[in-house]
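Single-letter residue listing:
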Amino acid sequence: MIRGLKYALTQAFIQVFRNKGMSLASIFSITAMLLILGLFFFVTVNINIATESAKQQFNTIEVYLLDETSKEDADIITQSLLSMDEIAGVTYVSKEEAMEHFKDRWGDKAYLLDGLAENPLPNSLRVELVSLEDGQLIYEACRNLIGVEDVRYYQEEVKKILTITDFIQQGALIIILFLIIVSVIVVSNTVKLTVMARQREIMIMKYVGATNWFIRGPLLAEGMMIGCISAGISLGLVWMIYFRIVELFSTQALLLFSTSFVEVGFMMRNLIWIFIALGMSIGAFGSILSMRRFLNA
Amino acid sequence: MIRFEGVTKMYGSNVGLLNATIRIEKGDFVFLVGPSGAGKSTLIKLILKEIEPDEGEIFVNGKNITYLANREIPALRRSIGMVFQDFRLLPHKTVYENVAFAMEVVHSTQRAMRRQIPQVLSIMGISDKADKFPAELSAGEQQRVAIARALINNPMVLIADEPTGNLDPDTAWEIMKLINQINRRGTTVLMVTHAKDIVDRMSKRVVAIDKGRIVRDAWGGEYGYDD
Ligand SMILES: Nc1ncnc2c1ncn2[C@@H]1O[C@H](COP(=O)(O)OP(=O)(O)O)[C@@H](O)[C@H]1O
Ligand SMILES: [Mg+2]
């Protein structure tokens, strides 16, 4: 058993180097496939985070209370709102606090507000949504509450954001699917070619009286070794590319989406195992395919 | 050693072999001759269990191999040394490794390989080619490697399907002398050939086959017909 394993590994190692053309072709196509997957993994993770943070900015509903509504009534309303699963939190904002915010926002023009005889702003509740998608529902619910004067919710903006983020996410998904299909075709074509090249070798080994497992072992090890090498190369490339992108565009990302890129190290730690597992499975799958065709006779 | 008892093999409506009976004893040297498409390769494929017979029984080394489980085929092939017209060497292995592969298949130790392989290569006259790859060798040298590989595990039978078919007459004759030497040491030889001059000159047992039938079986025979 141990001897068989050692035999398979040494043979695989020698053959990968001897068989340079074929090994390189396989490594090239598996690397290309993993590279595409890796880069799109990065793109989608970042798009998701950017869209989520964009949604965060619109996930509050302002509920303006009638002047008659007392602080106690407001507390009762707050409790009933908090009992809803779709609501993450409710903050009471008194008319005085609202005026302060208002003045803050007006900055050096705030003195204009000093001329007002009395504070025209209402007391309000700031309702935070768990998910932006429930906005419309909660908006309707708040409007029907007793003691509420008006409800302000950025319906149009939210709709726009939801359509845009849906569009981006679905677009990314379609592109990924397309690229996966393309790379599967490329990889399976390479496998087909190596299978053809292998056919004769397998036939010769069988004439010499090799058992199927004696032929399978080294071929499987060879496929997995090629997969591992490809995983290593593509990890290195993905790291280099992503590192460079973060370096060049992190300021722009911060300005545009008010989020920064997902940290390079975190991404790589997640990708390493995915890549190694994927690379080795593709390699092993290719070997098994080539053997299935010519070994069962 | 090898026995065919009324063996028939059809490929659909094509005749491969028709009711063939042959007995080859230990130590025999047999030429198998006949026109192209006569059924010579079919006979060899039946011995190697590459194809199944429709009728009759086949024995190799005293064992009935007519019905053999798939997993028993490798052991059968290891007991037979095979040489082909197109050499069938592993292209990515050196001469030494090609011969060693046949020993690895039977789980020989590295020590046994280091002892036996140089001996066989030396008998075949290719000691200096041990580290070369098949593509770096002449046709005659490649066939010597193939014969070395066929003999390394001391098989009872050497079967050769047109082993001189790709060689020039001088080289062919060299290879023929090697095979004859192997036979003199006690290995049974079954050789398919189209080389009239070799058959006539060697004066061995000749089995002629035509349209799937054994039409002649004579000791000290001649090739007997014109291609
Ligand atoms: N796989 C096959 N399918 C159909 N017919 C075959 C096949 N192999 C051989 N034959 C036929 O069987 C006959 C004998 O073939 P073969 O044994 O290869 O002849 P030889 O080796 O004497 O030239 C020929 O007529 C050939 O066409
Ligand atoms: Mg033939």
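Here the structure is a predicted model, which is why all the values come from computation and not from measurement. (Residues numbered from 1 in each chain as written. Chains lettered and ligands numbered in written order. Predicted model: local features only at pLDDT ≥ 70, side-chain atom pairs only at ≥ 80, totals over all residues. Heavy atoms only, no water.)

Before going further, it helps to examine the packing of helix α5 (residues 139-151) of chain B against helix α6 (residues 169-184) of chain B. Residue and element names in this part refer to chain B. Following both chains from N to C, one finds α5 and α6 inclined at 15 degrees, their axes separated by 10 Å at the closest point. It follows that α5 is roughly parallel to α6 by the angle criterion. Along this stretch, α5 crosses α6, giving a crossing that reads as right-handed. On the side of α5, the interface is formed by Gly140, Gln143, Arg144, Ile147 and Leu151, while α6 contributes Thr171, Glu174, Ile175, Leu178, Ile179 and Ile182. Looking at the contact of α5 with α6 residue by residue, the classes come out as six nonpolar, three polar and two charged. (Axes fitted to C-alpha atoms, helices over the stretch in contact; angles between N-to-C directions. Helix = DSSP H or I, 4+ residues; strand = E, 2+ residues; numbered from the N terminus. Parallel < 35°, antiparallel > 145°, perpendicular 65-115°, else oblique. Left-handed = near helix turned anticlockwise from the far one by under 90°. Contact = heavy atoms within 4.5 Å. Nonpolar A, V, L, I, M, F, W, Y, C, P; charged D, E, K, R; others polar.)

Moving on, we get to helix α3 (residues 95-105) of chain B. Residues and elements named next belong to chain B. Summarising burial for α3: nine of the 11 residues are buried, a large majority. For α3, every residue scored as buried is listed here: Val95, Asn98, Val99, Ala100, Phe101, Ala102, Met103, Glu104 and Val105. Directly beyond the C-terminal end of α3, a positive phi value near 60 degrees is found at His107. (Buried < 20%, exposed > 50% of the residue type's maximum accessible area, 1.4 Å probe, protein only.)

Quick look at a nonpolar patch on the surface now. Residues and elements named next belong to chain A. Together, Ile229, Ile233, Leu237, Trp239, Met240, Ile241, Phe243, Ile245, Leu248 and Phe249 give the surface a local cluster of nonpolar side chains, amounting to about 840 Å² of exposed area. Position of Trp239 relative to the elements: it lies in helix α7 (residues 212-257). Relative accessible area serves as the criterion here: at 40%, Trp239 is assigned to the partly exposed category. (Patch = residues over 30% accessible without salt bridge, like charges linked within 9 Å, V, L, I, M, F, W, Y side chains within 5 Å. Areas by Shrake-Rupley, 256 points an atom, 1.4 Å probe, with all protein chains shown as cover. Salt bridge = Lys/Arg side-chain N within 4 Å of Asp/Glu carboxyl O.)

As a further point, take the site of ligand 1. All names here are of chain B. Tyr11, Asn14, Val15, Gly16, Pro35, Ser36, Gly37, Ala38, Gly39, Lys40, Ser41 and Thr42 make up every residue found near ligand 1. In the model, a nitrogen atom of ligand 1 is placed 3.4 Å from a nitrogen or oxygen of the Asn14 side chain. For ligand 1, the protein covers 61% of the area, taking 560 Å² as the surface of the free molecule. Listed by contribution, the elements that provide at least two residues to the shell around ligand 1 are β2 (14-24) and α1 (40-47). In terms of residue class, the shell around ligand 1 is made up of four nonpolar, seven polar and one charged. (Near = heavy atom within 4 Å. Polar contact = N/O pair within 3.5 Å; in protein donor to acceptor, adjacent residues only side chain to side chain.)

Quick look at the sheet that holds strand β7 (residues 157-161) of chain B now. All names here are of chain B. As summarised here, the arrangement of the six strands in space is β6-β7-β8-β3-β9-β10, forming an open sheet in which the pairing is mixed. Every other strand in the sheet has two partners, leaving β6 (80-84) and β10 (213-218) as the edge strands with one partner each. Taken pair by pair, the neighbouring strands of this sheet meet at an average axis angle of 15 degrees, ignoring direction. Bridge count for β6 against β7 is five bridges, and the pairing is parallel. Its bridge partner lying in β7, Val83 is registered against Ala160. Set on the sheet, α1 makes contact with β3 (29-33), β6, β7, β8 (188-192) and β9 (205-210); between it and β7 the angle comes to about 145 degrees. (Pairing = 2+ DSSP bridges.)

All we've got here are geometric facts, nothing functional implied.
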